[in-house]
Amino acid sequence: QVQLEESGGGLVQAGGSLRLSCVASGFTFSTYLMSWYRQAPGKEREFVADIDWTGGYTHYGAFVKGRFTISRDNAKNTVYLQMNSLRTEDTAVYYCHARVRGILYWGKGTLVTVQS
């Protein structure tokens, strides 16, 4: 059974930093691309970042502009999202995502609130 569990969200001041974590289980984590998405209140879910199974290839949404870094630790079945220079518009629920054997899986999300 594939499971994705996010953590690390919280309340932060604008300009601050947070590191999100997503622990995966139920599949061979080290062979799958992993992604982060987010959904702000009243908006559609949007792509934040992804990372290939080696950790050598990463891709970011246009709004990131060098502020976020995705990484992974295959020994810990964990993918991270380091978020720096946070803005109020980064307030959203952040979701971990994987496509495993053609099926899309999502975690329950972790709320990030950036206060001005």
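Whatever comes next refers back to the structure up there.
Below you will find a few notes about this structure. (Residues numbered from 1 in each chain as written. Predicted model: local features only at pLDDT ≥ 70, side-chain atom pairs only at ≥ 80, totals over all residues. Heavy atoms only, no water.)

**A closer look at the side chain of D52**
Phase 1 of the analysis: As for its position among the elements, D52 is in the loop between β5 (46–51) and β6 (58–60).
Phase 2 of the analysis: Salt bridges are absent for the buried D52, whose nearest opposite-charge side chain, R72, sits at 5.9 Å.
Phase 3 of the analysis: A polar contact is formed between the side chain of D52 and the side chain of T54, at a distance of 3.0 Å.
Phase 4 of the analysis: Once residues lying within four places of it in the same chain are set aside, the contact partners of D52 are Y32, L33, Y57 and R72. (Helix = DSSP H or I, 4+ residues; strand = E, 2+ residues; numbered from the N terminus. Buried < 20%, exposed > 50% of the residue type's maximum accessible area, 1.4 Å probe, protein only. Lys, Arg positive; Asp, Glu negative; His and termini not counted. Salt bridge = Lys/Arg side-chain N within 4 Å of Asp/Glu carboxyl O. Polar contact = N/O pair within 3.5 Å; in protein donor to acceptor, adjacent residues only side chain to side chain. Contact = heavy atoms within 4.5 Å.)

**Considerations on the sheet that holds strand β3 (residues 18–25)**
Phase 1 of the analysis: Read from one edge of the open sheet, 4 strands run β1-β3-β8-β7, paired in antiparallel fashion. The open sheet has two edge strands with one neighbour each: β1 (3–7) and β7 (68–73). This sheet shows a mean twist of 15° between the axes of neighbouring strands, independent of strand direction.
Phase 2 of the analysis: In this structure, β1 lies alongside β3, joined through 5 bridges in antiparallel fashion. Bridged to L4 within β3 is A24. (Pairing = 2+ DSSP bridges. Axes fitted to C-alpha atoms, helices over the stretch in contact; angles between N-to-C directions.)

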